[in-house]
Amino acid sequence: MTSMNDSIDPVARPARFGLFGRCLRTSMTGRVGFGLVMFVVIVAIFGPLLTPYAPKDQSAMYAVGANARPSADHWLGTDRLGYDILTQLLYGARTALVVGLGAVLISGCAGILIGGIAGYRGGWTDEVLMRFAEFFLVVPIFIIILAVVRVLSKAVTGTAFETMPYFNLTVIILMIGLFGWAPIARMTRGEFLRIKTLEFVQAARCGGQSGRQIVLSEILPNAFPSIVVLIALEIGGAILAEAMISFLGFGDPNAVSWGQMLYFNYQSLKIWPMASLAPGFMIFITVLGFNLLADGLSDAANPRARRR
Amino acid sequence: MSNNQPTRREFLQRVGIGAAAMTVPTVIWSPAHAAEPHFKIYLTIFNNQQTRMIWTDLIGKNIAELGVEVVTSYVPPSEVISRRANETGATYTEGGFDMYSERIYYSTMMPLPDVLFSKAAFPPFGKNFYRVEDDILEQAMETYSSSPDPQKRAEALKTFEHRWYDIQPLHMVFYPEDVIAINPDLEGFDATTYNPVFFPRPENWTITSATGPDVSAAFACWQPPTTLVPMYSSGYNESNIFGPVYNSLMEYDSWETKKAVPALAESVTASEDGLVWTIKLREGVKWHSGEEFTADDVIYTWDTILDPAYASVQNSPLVSTFGSKEAYEKVSPYEIKVTLPKYSILFEGLVLTSISIMPKHAYASIGPEEFRKHTISTWTSGFTVTTSDGRTYEAKGAVGTGPWIPAGFDAMRKAYRMVKNPDYWKETTGNVTEFFVVNIQGADAVLSALKAGEIDAHDPMYDIGTLVSTIEEDWGKVLTFDSYKWQQTCLNLKHPVFGTGVDTPLGKQDPSRAAEAAVYVRQAISHAIPREQIIKNLIAGYGKPGTVPMPVTAEEYDHDYLKPIPYDLDLAKSLMEKAGYKYA
Amino acid sequence: MNASAQIERSDVISTDDVILAIEGLNVSLPAGMDRDHAVRDISVELRRGEILCVIGESGSGKSVMSNAVMGLLPPQLKPVAGRIVFDGRDLLTEPPEALRDLRGRAISMIFQDPLSALNPLMTVGDQIAGVMRAHGVGTAQTRRARALELVREVGLPDPELMLLQYPFRLSGGQRQRVMIAMALALEPQILIADEPTTALDVTTQAQILELIRDIQRRKGMSVMFVTHDFGVVSEIADRVLVMEKGHLVEAGTVQKVLTRPEHPYTQRLVAAVPRMRGDTREGMQGTPVVLKVENLRKVYRSGGGFLSKERRVVAVDDVSFELRKGRTLGVVGESGSGKSSLGKLLMKLIDCDGGRIILNGADVAAMPEAAFRPYRKTIQMVFQDPFASLNPRHTIGRILTAGPVTYGETPGVARAAARRYLDMVGLSASAFDRYPHEFSGGQRQRIGIARALMFDPQVIVADEAISALDVSIQAQILKLFADVQAETKVGLVFITHDLRVASQICDEVLVMHKGRVVESGPPAQIFLSPGDDYTRRLVAAIPGAEITLSHDGSPQP
């Protein structure tokens, strides 16, 4: 069968933005996912221009009241807290993206670094690092995150951290990031293990390149397509995790988060469904967007898997 | 804030100019207040009750409007409970608390403010976590609780109310009404009593649609109990379950009249000076085990609560009422004579009506350390009780004199089961013969259960007020009760700004006026609480704006003096200015 | 086996009844490919009881044709015209259920890679019985008995035990025998074999070919045998079809096609088949030694983690040789013989466990990487897989210049050198800015050679450097090696499993078996009068000995 592949499959085109470009060119899933993600990004950047209200403005409480139906002043109405629902949705996109990207920046860096070292070095280093990663895969993440959020917010009382805006949210991002690296590390390790045995890596060693050069210019770029897929998935996961933490009542009281909107409004779902359905919908399309994008990237990275 | 809100159109017009500057989007927000804050409050919000989370947060934001930095956090109740129990009145940064909010009530029908606010009730043993220690309040509470003269007591209470209204030690946000939805086929729910808190009286319930001799009813309770021994608890979640099992000496006739009538006591008579009391007990009352109820059981109950080894939550009021065990004696098996060291309102208000009498023959052998773990506290297994005539009785939980006999915990249904006591000493009117208390969490869930016919009523913790419009007549009948409680924001009155005032500009300038400055700050905070809006928006109108710690429906509430406190940020700022704070 | 025997064999086929007829088959390719059709206007008749070999290079469409018969084409490949007639029915228009019933019962297939075709979680016995169960044949007992019979028939050892084994426990040859047993389970009339021996060692390959031919004879089956190897064709075929780029270019008896090819493509192909040469190559004599290896040893330790027991495999055991400037040393052996480990040891891609490697007068065997660095330039490697040996993300220019630049060469000088060597390996300088995927396998291998030359090395180690290439390309690359060696006087260590190739290019040959050198000497001695048993077996197993014997060995025009 190898004889067929040569003529039938277009060989991967390693141009700039190659993976993304191919994802958008060839995968409907990828295009839809990218569209959803771009929508959220645009909402996050420009959305606040569309609303006259500050993110935590409860002034509606003194006017139209909580759970108000849509009006000229409040296009989607207000929620149980007297917030303008549209405003909360728009600002919530920022939180979601900051959480998603921030957490994955941490987990991505840590995962690639640790997985890369494990995969490249192999042997005992690999053994120790991967056992360590497995520990992170099996601990009950949410319980630990909730505990740490609690303990830290107590511990910083009276210190400089306290004045930091969105400290609580930052801790949540850090924790999601710190607990999200293990799958990335495993993927990176696997890719490194696979790629380092490929002949072009050996060729680079024969060419006298140093370990660092080999990792950075030979192995990593070739491992990246698989890692990017996982990262896109993890962004969605991180956004969902923050929503869940907020939904459990451990969110940052100062941040505007869709999860928190859900938390405060789900009990009045029957009274005013918009207040819970709208943030639920935003979480849904954001996570869906990143997951579809990941699917598309995955298709683009493995053209053969798509064809079968 | 409410008036200068730009409309969307105005805003969009202004955007034309501002857009250029604003198109550089920032993902990191800037801190809310640029100006140096006047002071800092740590507002800790219990994360277990969303309505309260919302209004507490709203109050925090309004306080921030006064130029105060409000550091808000959502925390589990246990966190604040441990923080406030410190002995020194530490502020939040020192490990204590600054401000939180809670629902609270007197554990008797009679207002007993000294239990909550007297200097004598400072933690760790008392409940005055806030460290209210104003001389006038102190004097008024003292007079009220120790004077046998009803006239003097009424005046003292009035003084208390006025003084509180003037200096606002804590801020009453609103007096809630309890809203309860019941099975439309349930009659007799109004017989429900509230002693020390809400508990149902299913012996008077009639399910009109039921046929046959065995009628079962179920009651939903939000939180699972931690102990079912009455002397360890005063919470809804627990008295819902043990309430129907025990009796006290006096009980409340109905919620309408709020009149105490004899229960295990047949009569209670007092001397002129209110110091010597004669209690005649009802004869022929039987414990569930078949043992006769006598004065020994009352003495045993009081002795046990007074014994510090048992660590009862009722220990402190009993000690302050009786002083010691010397205060009472058994005159005959059916008569007890009580000689109080000094008059105390607590005797009538709490000892007679709120202390469930425990069976000596069944409980005396249980040591202090075993009490909370014993079957009488858990109902999860059984134990054998031997009566004085040598018979044995297998108890599946507690042993009481009440209309319901515990039948253990049904783990499948997460329900405590009881069967009707056929030998109950009092006439009952209902047809229910089997009663369950079910643990259900969440207002939506409880209404679904009611709709599905799984429960017939529920406790008031669910706060279903905002959901009333979703209840349909064919499956839910909505009843409202005056809750006799209030929701308050609690301040730590040892705080250097709003407690003692020493850190206010005025207090620094003139230390003798520090306390006065603190009053200004607290008044300012009180005017920053949008009580009407909270009632209208968050509890669907089921409540009245709060003023002082006195149920608004109590006779003792002075409606002439205690006018609602208006939400007025300008007034609040001018009060802050009186304390020396400046506004640009 | 000799020529007259072969003629006899094809003459035996007297019954002319056709069992399978492919008539005017066209299979289209999806848009964007280098051609419209995977196969075009193919008409083939498979006769009862014959072995029909379909030969062609990569992309010739030979596998597409055999898969079309089985109804196993990937969805983007569509038969657009023609018929495949079996038993009076057109397989292209039969409903899927009917095809499923035919598959296995009337037409069976065996594949190149038996490991991926076998279910790793099922025992051999269950898999063979599974074929029968899928067609509702027999009871559990009879199926088991038949499985046992089949396992015996395909010559697997310990048949009773074998039924209980899992595929991973078997060798490649044993797995292929299991596949054949499965294919035979329902006594099919037609067996389609798609490169069934390509992944096997030469001695195993000989056994499997023997088995297929034997079974075909006994059962009177018809076999369609797809291969790229003329050696295999000459061993097994009755008739041969030659395919090129989807077209059928030539058909005829094996004798005719191999000895008197008519179509130019067939002629080129036959000419390019590597032939065993018995003569001694006119290499350089008396030049200085550039690489000397003494008692080299490598032991692999695996599973030495803290959770598992260590396993040791001696890969290279006491190997010594000398390589002189401008000469070629062949290292031949089957898979697992240690020849590739030897190559990696020479390159210090892995560390040795003993012995000396004397390069430029210094023993580099025990040198740490830093000390070895200056010596790296003198020894370079050409790799096996032209698709894996070039980083797909780098331009050819970057691939070529990375090494010299690392060693402090200025980019300008390195670029100039790269263009010069691209020219030497027969590529235009425009290749410089292009990416590997834009090149064919042969071109990529040229780039690999250019990369090795960039350092102006004294020794090049070529590890199976042509085994992944089509036969016509192989010949070109071999010629390139010879030309480069003539020009640069580089010493060449040529590692290969193909004795025919080794016989053509080497001045001296080492035969390796289980890590040891069993025999060494000039090709003439090794191949014509092998002194060692193993060498003899190896030489005997070379497929297509007939071709060698029927020719004088010189390439045809």
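Predicted model only: the values in this text are computed from it and were never measured.

1. Description of the pairing of strand E8 (residues 222-227) of chain C
Residues and elements named next belong to chain C.
Then step 1. Within E8, six of the six residues are buried, which leaves it mostly tucked inside the rest of the structure.
Then step 2. In E8, alternate side chains face the same way, and those of Ser 222, Met 224 and Val 226 on one face and Val 223, Phe 225 and Thr 227 on the other are all buried.
Then step 3. Pairing of strand E3 (residues 51-56) with E8, which is carried by five bridges, proceeds in the parallel orientation. Its bridge partner lying in E8, Val 54 is registered against Val 226.
Then step 4. Summarising the sheet, strand E7 (residues 190-194) and E8 pair through five bridges and their orientation is parallel. Following the sheet pairing, Ile 192 is matched in E8 by Met 224.
Then step 5. For the crossover from E7 across helix H9 (residues 202-219) to E8, the handedness is right-handed.

2. Remarks on the packing of helix H10 (residues 258-265) of chain A against helix H11 (residues 274-301) of chain A
All names here are of chain A.
Then step 1. Their axes nearest at 8 Å, the elements H10 and H11 cross at an angle of 150°. Viewed along their axes, H10 and H11 adopt a mutual orientation that is roughly antiparallel. Crossing geometry of H10 relative to H11 is assigned as left-handed. The residues of H11 that touch H10, namely those facing Trp 258, Gly 259, Met 261, Leu 262 and Asn 265, are Ala 275, Ser 276, Pro 279, Gly 280, Met 282, Ile 283 and Thr 286.
Then step 2. Looking at the contact of H10 with H11, its residues break down into seven nonpolar, five polar and no charged.

3. Regarding unusual backbone geometry
Then step 1. A cis amide bond links Pro 123 of chain B to the next residue, Pro 124 of chain B, at an omega of 5°.
Then step 2. Relative to the elements of secondary structure, Pro 124 of chain B occurs in the loop between helix H4 (113-117) and helix H5 (135-146).
Then step 3. A positive phi angle is found at Lys 245 of chain C, which is not glycine, with a value near 45°.
Then step 4. Positive phi outside glycine occurs at Lys 348 of chain C, with the angle close to 55°.

4. Looking at the packing of aromatic side chains
Then step 1. Across all of its chains, the model carries 47 aromatic pairs over all chains by this definition.
Then step 2. The interplanar angle of 90° and the centroid separation of 5.6 Å between the aromatic rings of Phe 481 of chain C and Phe 494 of chain C together place this pair among those described as edge-to-face. Highlighted residues: Phe 481 of chain C in helix H18 (residues 471-488) and Phe 494 of chain C in strand E18 (residues 491-496), separated in sequence by 13 residues.
Then step 3. Of the residues examined, Phe 481 of chain C reaches a relative accessible area of 3% and is grouped as buried.
Then step 4. Taking the relative accessible area as the measure of exposure, Phe 494 of chain C reaches 0% and is therefore buried.
Then step 5. What links up through ring pairs into an aromatic cluster is the set Phe 189, Trp 205, Phe 219, Trp 404, Phe 435 and Phe 481 of chain B.
Then step 6. Of note, Arg 373 of chain C hangs over the ring of Tyr 407 of chain C, and the distance from its end group to the ring centre comes to 4.7 Å.
Then step 7. One residue, Arg 420 of chain C, lies across the ring of Tyr 421 of chain C, its end atom 5.3 Å from the ring centre.

5. Some words on the UniProt feature "transmembrane region" (unreviewed entry) in chain A
All names here are of chain A.
Then step 1. As recorded in UniProt, the feature "transmembrane region" (unreviewed entry) lies at residues 32-51, 96-120, 132-152, 164-184, 227-251 and 271-294.
Then step 2. Span residues 96-120 is 100% helix and 0% strand, its end C-alpha atoms 34 Å apart.
Then step 3. Structurally, residues 227-251 is divided into 84% helix and 0% strand, and its ends, taken at the C-alpha atoms, are 29 Å apart.

Criteria and cut-off values
- Residues numbered from 1 in each chain as written.
- Chains lettered and ligands numbered in written order.
- Predicted model: local features only at pLDDT ≥ 70, side-chain atom pairs only at ≥ 80, totals over all residues.
- Heavy atoms only, no water.
- Buried < 20%, exposed > 50% of the residue type's maximum accessible area, 1.4 Å probe, protein only.
- Helix = DSSP H or I, 4+ residues; strand = E, 2+ residues; numbered from the N terminus.
- Pairing = 2+ DSSP bridges.
- Right-handed = clockwise from strand over helix to strand, strands pointing away.
- Axes fitted to C-alpha atoms, helices over the stretch in contact; angles between N-to-C directions.
- Parallel < 35°, antiparallel > 145°, perpendicular 65-115°, else oblique.
- Left-handed = near helix turned anticlockwise from the far one by under 90°.
- Contact = heavy atoms within 4.5 Å.
- Nonpolar A, V, L, I, M, F, W, Y, C, P; charged D, E, K, R; others polar.
- Phe/Tyr/Trp six-rings, centres within 6.5 Å; stacked < 30°, edge-to-face > 60°.
- Lys NZ or Arg CZ within 6 Å of the ring centre and 35° of its normal.
- UniProt positions renumbered as here; feature names shortened; annotations may be inferred.

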